[in-house]
Amino acid sequence: MSDRGEIAQRARSPTADAGIPPRQGEHTPEPLPQRLVPEGGEPIQEAAEQGREEPPDFMASAYDVAREALIEGGIVDSDEQAADHLLARWMGKARRPVRRVPVARKADDDVLLERSRPAQPPAAIPSSPTLSTASLPRRDTTSKSKSKSLPAIPRDKAPPEDFMRPVSEFALSRLRQKGYIELFYFTEEGMRLAAGDTTPVHDDAFTVANRDATIVLSTGPRPLKGVKSDELLSWDQVSKARTLLLLHAQNEKWDQEHIEVLSLFFFRLDAHPIRSEPRGNETVVRYQARYRQEWHRAMTNDEPFNLAIINENALLRIQNQLMAEQTVRALQAVCNVILEPR
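Residues numbered from 1 in each chain as written. Predicted model: local features only at pLDDT ≥ 70, side-chain atom pairs only at ≥ 80, totals over all residues. Heavy atoms only, no water.

So, the side chain of Q288
Inspection of the secondary structure puts Q288 in helix α11 (residues 280-300). Taking the relative accessible area as the measure of exposure, Q288 reaches 0% and is therefore buried. Leaving out residues up to four positions away in the same chain, Q288 has contacts with L183, D230, V238, F265, F266 and L269. (Helix = DSSP H or I, 4+ residues; strand = E, 2+ residues; numbered from the N terminus. Buried < 20%, exposed > 50% of the residue type's maximum accessible area, 1.4 Å probe, protein only. Contact = heavy atoms within 4.5 Å.)

Here it is, written out as structure tokens:
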């Protein structure tokens, strides 16, 4: 062992110098040689045991090795502190050859011992089964939870002069499917109802449809509440709604042939001479409601027909039905007056 190492080890274990037996589990350093000093110096321990009144000059060059050993061993930080440390040891040996280590000094030695030990990695915390990631609910990473990014704004594009008023999402979904949709959705009343509809549209909402005695569940937006059938509309409402219906059908990529047939169908009903006869407007309204719906059903079943051809016999039959219904209502009114108690 080198001189510097022995002196540093001696400085770390003051209990050995004081004659105190080491504690259980404590490392007992090798005894320090009594005359282990550099050339020309006096042994620290011997000088103290001889009772020398004046301490040696520990800042002298003779004690350079001892001071450097204390600094390298981490006991002190400078030559002055090393000299003070050596002086304290010398004075302790001269006054109390045998003494017990004070509590404060032992605490300092414990700190030095802790500093000299290698750093231990922190103990691993055992995982708790209640905090296991397997028991935690997973976040929904589907497309529904992802926000849609907005498109870039073209700086040179001006707003349009006019645009179509928005209609119900349910009506637009039916147009995308090339299916039948009531004209009420495209009337003024229907668009106001759609604008005030605050019912959230969910992807898992179901719509029930009856097709060939089979109940079909499909996802998508739901129809509005309070929708009127086409037979309950006036011809004025039909005329205004058909324009918006054709525009939205064109936006939803309908075939041009179907758009032309549907447009010609409305035009011929509007110009039909039966409208000038009794119950004429109600006749074309009912004809439009029944045959437009039948046209969509026939195309679904691969049995299409030309809707633009007006069936005159069907028009007359509908007109006669309306006249008969009017007669029945009139007779019922008369009977109610006659049978009313007085």
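There is more to say after this.
Some details on the pattern of salt bridges
A full pass over the atoms with the stated rule returns 13 salt bridges. We note a salt bridge from R176 to E169, for which the minimum N-O separation is 3.2 Å. When its relative accessible area of 40% is taken as the criterion, R176 is described as partly exposed. Close ionic contact of D230 with R292 constitutes a salt bridge, the shortest N to O distance being 2.8 Å. Of this pair, D230 sits in the loop between β2 (214-219) and α9 (235-251) while R292 sits in helix α11; the two residues are 62 residues apart in sequence, bridging distant segments of the chain. Both residues of the pair, D230 and R292, belong to the buried class. Residues participating in the shared-partner salt-bridge network are D64, R67 and D79. (Salt bridge = Lys/Arg side-chain N within 4 Å of Asp/Glu carboxyl O.)

Re the packing of aromatic side chains
Aromatic ring pairs are described here by two measures, namely the spacing of the ring centres and the angle between the planes. Enumeration over the complete set of coordinates arrives at 5 aromatic pairs. Between the aromatic rings of Y287 and Y291, the centroid separation amounts to 4.3 Å while the plane-to-plane angle is 20°, which identifies the pairing as stacked. Pair noted here: Y287 and Y291 are both in helix α11, with a separation of 4 residues, about one helical turn. On the accessibility criterion, Y287 (1% relative accessible area) is buried. By relative accessible area, which is 21% here, Y291 ends up partly exposed. Through successive ring pairs, a cluster of aromatic residues spans F265, F266, Y287 and Y291. (Phe/Tyr/Trp six-rings, centres within 6.5 Å; stacked < 30°, edge-to-face > 60°.)

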